Amino acid sequence: MADWVKVATVEDCPPGEFRALAAGRERIVLCNVDGDFHALQDRCSHEDLPLSNGDLEGTEFLCIHHGARFDVCTGRALCLPALRPVSVYDVEIRDGDVYVRAG
Amino acid sequence: MAESTEIEGVTEVFNRTAVEARSANEPEWLAARRAHAWTVYEGLPMPTTRLEEWRYTDLRRALDLEALHLGSVDPLPDDPSSYPALLRATMDEDHEAAGHLVIIDGAVVHTDIREDLASRGVVLMPLREAIHAHSDLVEQYLATEAVPPEESKFAALNAALWSDGIFLYVPRGVRLKNPIRVTRWVGEAGAAFFSRTLIVAESTSQVSYVDEVVSDDFDTQTFASSAVEVIAKDGAQVQYVALQRLGRGAFYQSEQRTLAGRDATLDTLNVSLGASVSRVDLNARLLGPGSNSDMLGLYFGADDQHFDHNTSQDHVAPHSHSDLLYKGALDDASRAAFRGIIRVHKGAQQTDAYQTNRNLLLSEDARADSLPNLEIEADDVKCSHGSTVGQLDDEQLFYLMSRGLPREKAERLVVLGFLGEVLSRLPLGGVVEKVTRAIEEKLRA
Amino acid sequence: MPQNEVIQGLDLDEYKYGFVDEEQHVFRTQPGLSEEVVRQISAQKDEPEWMLEFRLKALKIYESKPMPEWGGDLSTLEETLDEIYFYVRPQDQMERSWDDVPENIKNTFEKLGIPEAEQKVLAGVGAQYESEMVYHSLKKEWEDKGVIFDSIEDGLKNHPELFRKYFGTIIPSADNKFSAMNSAVWSGGSFVYIPKGVELETPLQAYFRVNQERMGQFERTLIIADEGSRAHYIEGCTAPTYSTESFHSGVIEIVVNKGAHFRYTTIQNWSTNMYNLVTQRALVHERATMEWLDGNLGSKLTMKYPSCYLVGEGAHGNILSIAYSGDGQHQDTGGKVVHAAPHTTSSIVSKSISKGTGRSSYRGLCKVYDGAVGAKSNVECDALLINETSRTDTYPYIEIEEKRSNIGHEATVSKVGDEQLFYLMSRGMSEEEAMALIVRGFIEPIAKLLPLEYAVELNRLIELEMEGSVG
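Treat the numbers as computed from the prediction; the structure is a model and nothing was measured. (Residues numbered from 1 in each chain as written. Chains lettered and ligands numbered in written order. Predicted model: local features only at pLDDT ≥ 70, side-chain atom pairs only at ≥ 80, totals over all residues.)

This part covers the overall build of chain A. In terms of regular secondary structure, chain A is built from 0 helices and 10 strands. Tracing chain A from N to C terminus, the helices and strands come up as β-β-β-β-β-β-β-β-β-β. The globule rule puts the C-alpha radius of gyration for 103 residues at 13 Å, and the 13 Å found for chain A is close to it. Expressed as lengths along the three principal axes of its C-alpha atoms, the size of chain A is roughly 40 × 30 × 20 Å. Counting every position in chain A, which comprises 103 residues, the buried fraction comes to 43%. Sequence-distant contacts, at least 24 apart, represent 40% of the contacts inside chain A between residues at least 6 apart. (Helix = DSSP H or I, 4+ residues; strand = E, 2+ residues; numbered from the N terminus. Rg over C-alpha atoms; globule rule 2.2 N^0.38 Å. Buried ≥ 20, exposed ≤ 12 C-beta atoms within 10 Å, placed from the backbone. Contact = placed C-beta atoms within 7 Å.)

In structure tokens:
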């Protein structure tokens, strides 16, 4: 099991925004959906391109490369051309810091 | 993310100072060539998966230049008893040879060539010596026509930082009965080694060359970079064989180019069995009318090994012929990418060019990607390509099992038979047995 | 050499659809693409607010995406697009009877043989002129069975729920630069719904005509073939030849539900000043079959790779691509099959002919996801070269994650064989006839899948392309 890694503070990523970060060796996208934090692997399941070039829209993450959409809570693919989910990681808030367990 | 002011691939270790250190005691032309190569390197971006040629190998994940140091280049004493056991074992397998050369880490430690051949002008020597002893030839061919730094980021890096290598020269009309055998050992974990091979076969000469690289497993990433230039003049016949059996933890990268003159035959075989990540770029240029190139490849992956073969067949002259066959078996979570292109240039009429890539998936987690491409700009040609991905042939398996073989053994035989087709096309003393044994070992593991 | 003369003769390309009508429109936007243009198009259509937002967002995506650096030569496209009319409205409303269509437009479609074909062999016809559908009609017997065949605008108006459920989900705006452009400025195209179990015996046809010089046409089609249904949709396209360049970029989204069978045929015969950059994709469910028959004869540059996403067990995809590239033409075509469910099967057959300075490129993808056990796919490409200045390329991508699958790809390139020619001539044919026969044999696979009238038409077209005054 991977270790918890501190990736940011809560202030670093306000509601409705996302940040591309490193959690250990893994690159992640940290999303703040109305105060709830979610972490996705920064890699679209359609082609191996970074998700973080795209945009967070509500609870969906849009991959700008080919328009795939993912549910940021579950990683589920919501439309073509993606057919597979992206990995999601556990997130915990401790004393205003955001911890992610990735990899 | 790298800051925009940083130059991609320039680190505390890989920088202009290191290049200048390499140039000490070298002829001026070479120092200038290294400096130029470094400028080219700095000007080229690090390849990403957005590039067609690197679509399936993500260097961000596969190679960490920051963590590497430059390997030592001081030659060890030429004392076979001090060689690592695996290297000795590898050399013991070698059959009759016209000459030997041994490289340990970055430096040549041993060279021998049969006297009768030496007296007829055949040269086999460390590249570091050849830059002085045969400066005219080396200056003419080294990183100029075949693998110039402009070719790619890695070609530039190698041209700037190579420490040693092989120079083989076969004069006009001289035909070698037995192969030249080169054995390399990589021992220093966490290091980066850069070597070059330069083979010049003058017209109507004949030579075969077998280059094998071996190592133990590494616990930190170790980088072996190789640039290979093979030049066959009119009517020459050359066979180039590269066997890669590095341990896990190695990142192996080899940039090869062959130039075939009029009526020359220039055949290659690349066998990739080892390393964690192995990337081979091979460009065959058919420059003379009537030139011919058989291009063979074989790979067998296990664990999480990653093989990437990127080949091209450039038909520049008319009446030339090339035939490529790359076959691979992939077990466990290994994956292989093959990208090959046949280019028939304008005016290269009566070209025959073929390209076949076949992959066998032995495990649920294995993956194969295959991109066989054609670009044809002449009409009077015969060109075709084929690519398949599949699993073990059940019929063959059941047949063998019905003959009393246990399943495991039957599977081994079918895989060997599948890969063996490649070896049967380039029968070379000792190579077939050696590769077969290496595959068998891997199948048993 | 006599054969050279024949080849010279064959260079004479004749395009019989190059006639021009008198220009007539009730509204058109300023040349070029801007937010203002997008808002005007939206206003012309009196559409819901969400669609305007969809368009504006797509425009942003379009602007953010770089021009593709692969495929054809798009180096001067940006300048061309600045001169293009993105929206031209030819008449006030769409008609249900040819008698109500303005005379000159009706004449155009009569010259193209559409009303006649409608009588004889079609279940329904849609006709687009410039940016709008000017005519749309479906035979009553199919209407009674619940078939919907309408303009895309009426689809949005009359079936908003069905429309919104699927629109932009098969091909999202951000899929590629031109799907983004289409999503911003789409106008015209068809909305098709085939109800459960309904089998259409004759095809539906949509015909696309561009008349205006420097015109951009952006039709958008959404098709839903419900469970167990069966239908065939044919699209045809032509335009006059101008010295300036024109532009066509369509987006075709198709859903083929469980057990349904849908065939989409394109006979693309744009004039050779047309850029034709089209995205076509089908989502194919359990035991359903999708067939793309893609015939590309015209245009300056076509980039189009119809695709099948096989997401249900036992789904089948079939792509047949025929390309003809004459002087100065580049057909960059092919197909994509994505296997994402067990026992899915697919086949891609691509045949191309390159003549003169023509270039035909096959570009395709065969992807098998982990878990698509028993997937089978076969790809065959066959390229014919007629002159030494002709060019062909093959760029397949084969990506296989599933061990229990069987995937093959083969391609061959050949010259029109001297032996073949010689044999036919020894049977009393002229060289020109022999050449035309060989080429016809080459396109036979697509011709035989078309209704007879269309097959005859396609053959005539090829003959015209091949015909020339020998000597």
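Read on for the rest.
The next point concerns the overall build of chain B. Scanning chain B for helices and strands turns up 11 helices and 20 strands. For 445 residues, the compact-globule estimate of 2.2 N^0.38 gives 22 Å, and chain B sits close to it at 21 Å. The principal-axis extent of the C-alpha atoms belonging to chain B is close to 65 × 50 × 50 Å. Intrachain contacts of chain B at a sequence separation of at least 6 include 83% that bridge at least 24 residues.

Moving on, we come to the sheet that holds strand 1 (residues 4-9) of chain A. Residue and element names in this part refer to chain A. Pairing within the open sheet is antiparallel, and its 6 strands lie in the order 1-10-9-4-3-2. Edge positions in the open sheet fall to strand 1 and strand 2 (18-23), since each of these has one partner strand only. Across the sheet, the mean angle from the axis of one strand to that of its neighbour is 35°, orientation sign disregarded. Summarising the sheet, strand 2 and strand 3 (residues 26-33) pair through 6 bridges and their orientation is antiparallel. Bridging across to strand 3, Ala22 finds its partner in Arg27. (Pairing = 2+ DSSP bridges. Axes fitted to C-alpha atoms, helices over the stretch in contact; angles between N-to-C directions.)

Once that is clear, we can look at the packing of helix 3 (residues 49-64) of chain C against helix 10 (residues 177-185) of chain C. Residue and element names in this part refer to chain C. At their nearest, the axes of helix 3 and helix 10 sit 7 Å apart, and the two run at 150° to each other. Between helix 3 and helix 10, the crossing angle belongs to the class labelled roughly antiparallel. The element helix 3 and its partner helix 10 pack so that their crossing is left-handed. Contacts between helix 3 and helix 10 pair Phe54, Arg55, Ala58, Leu59, Ile61 and Tyr62 from the former with Lys177, Ala180, Met181, Ser183 and Ala184 from the latter. Residue composition of the contact of helix 3 with helix 10, grouped by class: 8 nonpolar, 1 polar and 2 charged. (Parallel < 35°, antiparallel > 145°, perpendicular 65-115°, else oblique. Left-handed = near helix turned anticlockwise from the far one by under 90°. Nonpolar A, V, L, I, M, F, W, Y, C, P; charged D, E, K, R; others polar.)

Pairing of strand 4 (residues 36-41) of chain A with strand 9 (residues 88-94) of chain A, which is carried by 2 bridges, proceeds in the antiparallel orientation. Residue Leu40 of chain A lies in a different strand from strand 9 of chain A, and its bridge partner there is Val88 of chain A.

Adjacent strands of a sheet pair through backbone hydrogen bonds, lying either parallel or antiparallel. All names here are of chain A. Pairing in this open sheet of 4 strands is antiparallel, and the strands run 5-6-7-8 from one edge to the other. The sheet is open, and its two edges are formed by strand 5 (55-57) and strand 8 (77-79), each paired on a single side. For this sheet the average axis-to-axis angle between neighbouring strands, irrespective of direction, equals 35°. The pairing of strand 6 (residues 60-62) with strand 7 (residues 69-71) spans 3 bridges and is antiparallel. Considered in strand 7, the bridge of Phe61 is made with Phe70.

Now for unusual backbone geometry. A negative phi angle characterises most non-glycine residues, just as the trans form characterises most peptide bonds. For the bond running from Leu80 of chain A to Pro81 of chain A, omega is 5°, close enough to zero to count as cis. Positionally, Pro81 of chain A belongs in the loop between strand 8 and strand 9. Backbone geometry places Asp95 of chain A, a non-glycine residue, at a positive phi of 50°. By the secondary structure assignment, Asp95 of chain A is in the loop between strand 9 and strand 10 (97-101). The exposed category is assigned to Asp95 of chain A, around which 6 C-beta atoms lie within 10 Å. A positive phi angle is found at Ala143 of chain B, which is not glycine, with a value near 55°. Positionally, Ala143 of chain B belongs in the loop between helix 7 (135-141) and helix 8 (153-161). On the neighbour-count criterion, Ala143 of chain B (26 C-beta atoms within 10 Å) is buried.

Right, let's talk about the environment of Leu365 of chain C for a bit. Residue and element names in this part refer to chain C. Examined against the element boundaries, Leu365 turns out to sit in strand 21 (residues 359-368). Taking C-alpha positions, Leu365 is 6.1 Å from Val337, a pair spaced 28 residues apart along the chain. Those residues in contact with Leu365 that sit more than four places away from it in its chain are Lys336 and Tyr397.

Another point: the nonpolar core. By size, the foremost hydrophobic cluster in this structure holds 302 residues, and its most contacted members are Ile28 of chain A together with Val256 and Val284 of chain C. Broken down by element, this core gets its largest block of residues, 8 residues, from strand 7 (residues 191-201) of chain B. Leave out the neighbours within four places in its chain, and Ile28 of chain A touches Val7, Leu21, Ala23, Ala39, Leu40, Gln41, Asp42, Tyr89, Val100 and Ala102 of chain A. (Core = buried A, V, L, I, M, F, W, Y, C linked by C-beta atoms within 7 Å.)

Time to look at the interface of chain C and chain B. Taken together, the contacts link 28 residues of chain C with 29 residues of chain B. Elements supplying a minimum of two residues to the side of chain C that touches chain B: strand 23 (391-400) and strand 24 (406-415) of chain C. For the side of chain C that touches chain B, a count of residues per class yields 10 nonpolar, 9 polar and 9 charged. Of the pairings in the sheet, the one linking strand 20 (residues 381-390) of chain B to strand 24 of chain C comprises 7 bridges and is antiparallel in character. Note that in strand 24 of chain C the partner of His385 of chain B across the bridge is Ala411 of chain C.

Let us look at the confidence of the model for chain B. Considering every residue of chain B, the mean pLDDT works out to 92; 98% of them sit at 70 or more. Two summary scores accompany this predicted model of the complex, namely pTM at 0.89 and ipTM at 0.88. (pLDDT = per-residue confidence, 0-100.)

Our next topic: helix 10 of chain C. The α-helix advances 3.6 residues per turn, and as a result positions three or four apart in sequence lie on the same side. When you tally the buried positions in helix 10 of chain C, you get 9 out of 9 residues, the bulk of the element. For helix 10 of chain C, the set of buried residues is Lys177, Phe178, Ser179, Ala180, Met181, Asn182, Ser183, Ala184 and Val185 of chain C.

On to the environment of Glu145 of chain B, then. When you line up the elements, Glu145 of chain B lands in the loop between helix 7 and helix 8. The sequence separation of Glu145 of chain B and Val186 of chain B amounts to 41 residues, and the corresponding C-alpha distance is 28 Å.

Below, the discussion takes up the pairing of strand 8 (residues 206-214) of chain B. Residues and elements named next belong to chain B. When you tally the buried positions in strand 8, you get 8 out of 9 residues, the bulk of the element. Where strand 8 lies against strand 10 (residues 237-245), 9 bridges are found, and the strand directions are parallel. Within strand 10, the position partnered with Val207 by the bridge is Val238.

What follows concerns the packing of helix 10 (residues 407-424) of chain B against helix 11 (residues 431-444) of chain B. Each pair of packed helices can be described by the angle between their axes along with the distance between the axes. All names here are of chain B. The interhelical angle for the contact between helix 10 and helix 11, taken along N-to-C directions, is 150°, at an axis separation of 11 Å. Classed by the angle they form, the pair helix 10 and helix 11 counts as roughly antiparallel. Seen along the crossing, helix 10 lies across helix 11 with a hand that is right-handed. Contact with helix 10, carried on its side by Arg412, Val415, Leu416, Leu419 and Leu423, involves Val432, Val435, Thr436, Ile439 and Leu443 of helix 11 and no other residues of that element.

Moving on to the environment of Gly364 of chain C. Residue and element names in this part refer to chain C. Mapped onto the fold, Gly364 is located in strand 21. On the basis of neighbour counts, which here come to 24 C-beta atoms within 10 Å, the residue Gly364 falls in the buried class. Once the C-alpha coordinates of Gly364 and Gly124 are considered, the two residues, 240 residues apart in sequence, prove to be 32 Å apart. With near-sequence residues (within four places) excluded, Gly364 lies in contact with Tyr305, Gly334, Gly335, Lys336, Ile348, Val379, Pro396 and Tyr397.

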